[in-house]
Every structure is written in C-alpha cells, then in structure tokens.
Amino acid sequence: MQQEDVGQQLQNFQSDDLLEKLKLLNYEKHLLKEFKLKPLSRFYFVKATNPGEQFYMFTLICWWLCKKLGKDMERPQESDDPNTVIAKIMQILEEIDVNVDFAPNKLIRGGGSVCLMVLDSLATQAIKVSKLSFQRLHIAQEEEFLGDYLEDNAEIILEKLEDEQNAATQSDDSDLELEAHNFKQLNWLNHPQRRSIGDLEVNQEISNRLSDHQQWRLELERVLQHLKVFVKADARDWRSHISQMDTLKSNIAEISEPTQNQLKKLHSEFTFSLEKIESREKHLNNELQPLIQQYKELSIELSSIQYAQNQVQADMEKQMAQLNEIMMEQELKKEEMERRGQVMSDGSSVQQIKKSIVKLKEDIAHLNLEVALLVHAHDQDIVRQTHSGILDRVM
C-alpha cells in the first residue's frame, strides 16, 4: 500500500513537471489558443478517466512537440485509426533514442505512467531544441514596497502627537514645561544634523520663546505641518505575519462557505447532466444497434462488389489493349492489300516482267556470242598445236 502511494506521488510530480515544461514552451498560446482548447489540469494525464478525449489530447500534444523537434507527422484527428497514430509516435521516439520497451496498447488509454513518460521525453527534447534561457531571480528591496506603509504610520503617530499636544495646552504651567522639553527632544530626534554649535544657539532661542504659553502654542501650530515622524517597521517580523495570516484565514473562511455551496450545486448539476447524457447515449446505442449492424453488412458487401468491379475493370483494360493491337495490325494489313491491289490494277508488274524477259534474252545472246568466240579461239589453238607438231616430225 505504501509503494502504491509512492508511485502515485511520483506520477503526480511527473505530471506537474510536464505541465511546467509545456508552459515554458508556451503551449497555451501556440496550441490551446490556436485549436480553441481548454487549459489542462496539473494531473490530467495521471489517470485514464476519459480515454477518448485524453487520447486525442495526448496525440495532439505529441504532434505539436514533434513539430517543435522538426519531425514530419500529420496532425491527428479524432476519426484516425489509433494504431496508426501510435505506430508513428513509436517511430519518432525510436528516432530520438527514447526507450520504447512497453506495449503500444498502453498509449490508447491516453493516461498513466507510460503516457507521462512519452510526453515528458518529447517535452524535454523540445526544450533542448528551443534553447530556452533563464535569468537570475531578482529579489526586490524591502524599502521599495514599505514606503507607503511607513508614511501612513508616520502620519498616524503625528496625529496622536498633535492630540497629546492639544491636551497638554489645557494643563498647568508645569505640564507646559514638560511638553516644551518633549518638543525639544522630538525636534532633536527628527533633525540630527542640527547638533552643531550654531544650531544649539537657535534651539536655546526657541526655548526662551516658549516660556510664554501663547507663543509656544503659535510656534507649535507653525511647525506642526512640517513635522514628520518616520517609524521603520520590520517586514520580517513574525507578529505581522501572524496577523496577516489570521486576516487572510478569516477572509477565506467567509468566502469559502458560499463558494462551497456553489460548487456543490454545480457538482450536483454536472452529475445530473452526465447521468442524463449517459442514459441518452445508451438509448441511442440501443436504437442504432441494428442500423449499425446493417451498415457493417452493407459495407462488407460494398467492399466485395468494389473488389469485383476492380477485377473486371482490370480485365477490360487488358482486353482493350489487345483490341488496340489487333486493330493496328488490321490497319497495316489493309494498307498492304490496298497497295498490292493498286499495283495489280495498274499492270506495271506485267511490263516489268516483259522488260525483264527482253533483258534476259539479250544477256543470253551476248553469252552465246562469247561462248562461240571462246570455242573458236580454242579450236585455233588446237589447230596451231597440231600443225606445229607435224612440222616437228617432218624436221
């Protein structure tokens, strides 16, 4: 049981850290405002309370962070196939060297430790790519915001002092001397720079003038407007903090009671609306169940018909290609037959045959003449040889 509490606290810390990283990336302006989405709570992805909505928000933030990293990914839609979107996210995680030794179906719930780990890894990489810079924390001096408080307290103390002085004017002469002495001390505290010798003489002159009751009163009225008493209060005093805490606690107690009533009223209204919506959803599902089944059957039938149509269309295209080839061959044959018919109708072939026969006859006569000449020359050689043989015998 203790381990479960520790795991839950760790998930809460991861979710809080993730939201801070998204705020550093200014996701409220560039993501929520652009797509008109509501701001996320600090523990939105800790548990899967509404898987459909949380999965869409999870994929949308992953897409936005991947775009920050320069990765190519289409913006997910609510009607997209979850397995396809998860496969694309897993591929991008492998590209940026993030350990993906978990079942992909854990991301379909849109919440839990795995979703937090994926979003935190992408947000961390996006912060590294964005190269965000931080400045040192500037602590303002306490005197900067205590000025008005000190002036107000000084005015209150001055008013009290004036009331005491007015009451002192109605007392006897001994009280008058005491107040004069107090006035000199107050003037000495407010103006420490008058401690020179010349200033002491001036103070002595003023004390002489204050011997008369009327003169002292006129002098007090003259300088009273210029008197200011500054009391430096310590803002780190625990007593002032306790008083402020008590005041804030009482204010919170006064405001919380009507707020709690309003929240309870809103909770009851939301619960009633959700129950009403759930009942209507069940009623619609029961009514639409046969139509959905019929739609599935028609979709399957349509798919089979489309497949058969594609097969027929492919066969028809193949036969059309064969028909075109046959028609081209027919055109070639037709042209050749027309050419031959034209040649036969003109009689040019017969004339060519006659010319060829005449040429052949001329060639035959010429060859016969050459043969006769060769035979005659051969006979003369024989006669010449026989005649020379006879002469040799006679000799």
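Every value quoted in this text rests on a predicted model; they were computed, and no experiment measured them.

1. Remarks on the state of the cysteines
Note on terminology: disulfide describes a covalent bond linking the sulfur atoms of two cysteines.
Moving on, step 1. Per the stated rule, a full pass over the model turns up zero disulfides.
Moving on, step 2. Among the cysteines around C62, which has no disulfide bond, C66 carries the closest sulfur, lying 6.3 Å off.
Moving on, step 3. Accessibility expressed as a relative area gives 0% for C62, which makes it buried.
Moving on, step 4. Given a relative accessible area of 1%, C66 falls into the buried group.

2. What about the nonpolar core?
Moving on, step 1. Grouped together as the largest cluster of nonpolar side chains are 43 residues, with contacts concentrated most on F45, F58, I61, L65, L107, V118 and L122.
Moving on, step 2. Elements supplying a minimum of two residues to this core: α1 (2-24), α2 (27-35), α3 (51-69), α4 (82-95) and α5 (113-130).
Moving on, step 3. For this core, the leading source of residues is α3, giving 12 residues.
Moving on, step 4. In this view, F58 contacts F45, I89, L107, C115, V118 and L119; residues no more than four positions away in its chain are not counted.

3. Concerning the pattern of salt bridges
Moving on, step 1. Taken as a whole and assessed by the stated rule, the structure comprises seven salt bridges.
Moving on, step 2. With a closest N to O distance of 2.6 Å, R42 and E20 form a salt bridge. Placement of the pair is R42 in the loop between α2 and α3 and E20 in helix α1, with a sequence separation of 22 residues.
Moving on, step 3. Between K71 and E95 there is a salt bridge whose closest N-O contact spans 3.5 Å. A residue pair is termed long-range when its members are at least 10 positions apart, and K71 in the loop between α3 and α4 and E95 in helix α4 qualify at 24 residues.
Moving on, step 4. K71 gets classed as partly exposed once you look at its relative accessible area, which sits at 27%.
Moving on, step 5. Judged by its relative accessible area of 44%, E95 falls in the partly exposed class.
Moving on, step 6. Each of D16, E20 and R42 takes part in a single network of salt bridges with overlapping partners.

4. A closer look at α2
Counting along an α-helix, one turn takes 3.6 residues, and residues three or four places apart therefore face a common direction.
Moving on, step 1. Y27, L31 and L32 are the residues of α2 that are buried. The arc enclosing the buried residues of α2, seen along the axis, measures out at 80°, which places them on a common side. Away from its buried face, by an angle of more than 90 degrees, α2 presents the exposed residues K29, K33 and E34.

5. Section: the confidence of the model for the protein
Moving on, step 1. Predicted confidence across the protein gives a mean pLDDT of 77, with 73% of residues reaching 70 or more.
Moving on, step 2. Confidence, expressed as mean pLDDT per element, reaches its minimum in the protein at helix α7 (residues 173-190) with 45 and its maximum at helix α10 (residues 238-346) with 88.
Moving on, step 3. A low-confidence stretch, residues 142-158 (pLDDT under 50), is modelled with 15 contacts involving residues beyond four sequence positions or located in other chains.
Moving on, step 4. The model gives residues 168-198 a pLDDT under 50, and that stretch makes 31 contacts with residues more than four places away or in other chains.

6. Some remarks on unusual backbone geometry
Moving on, step 1. A positive phi angle is found at N26, which is not glycine, with a value near 60°.
Moving on, step 2. Along the chain, the position of N26 falls in the loop between α1 and α2.
Moving on, step 3. The phi torsion at D97 lies on the positive side, around 60°, for a residue other than glycine.
Moving on, step 4. Turning to its location among the elements, D97 is positioned in the loop between α4 and α5.
Moving on, step 5. The exposure class of D97 is exposed, given its relative accessible area of 71%.

What counts, and where the lines are drawn
By convention here, each chain's residues receive numbers from 1 onward along its written sequence. Residues qualify for local features only when their pLDDT is at least 70, as the model is predicted, and side-chain atom pairs are given and counted only at 80 or more; totals for whole chains, interfaces and linings, by contrast, use all residues. With hydrogens and water excluded, all non-hydrogen atoms of the structure serve as input to the side-chain values. Defined by distance alone, a disulfide is two cysteine sulfur atoms within 2.5 Å. Think of it in three bands: residues with accessible area under 20% of the maximum for their type are buried, residues over 50% are exposed, and the middle band is partly exposed, with areas taken using a 1.4 Å probe on protein chains only. We define a nonpolar core as any set of buried Ala, Val, Leu, Ile, Met, Phe, Trp, Tyr and Cys residues linked to one another through side-chain atoms lying within 4.5 Å. Numbering of helices and strands runs from the N terminus, with a helix taken as a DSSP run of H or I at least four residues long and a strand as a DSSP run of E at least two residues long. Residues are treated as being in contact if the distance between any of their heavy atoms lies within 4.5 Å. Whenever Lys or Arg places a side-chain nitrogen within 4 Å of a carboxyl oxygen from Asp or Glu, that contact is recorded as a salt bridge. Of all possible arcs, the one meant is that of the directions from the helix axis to the C-beta atoms. Known as pLDDT, the predictor's per-residue confidence is scaled from 0 to 100.

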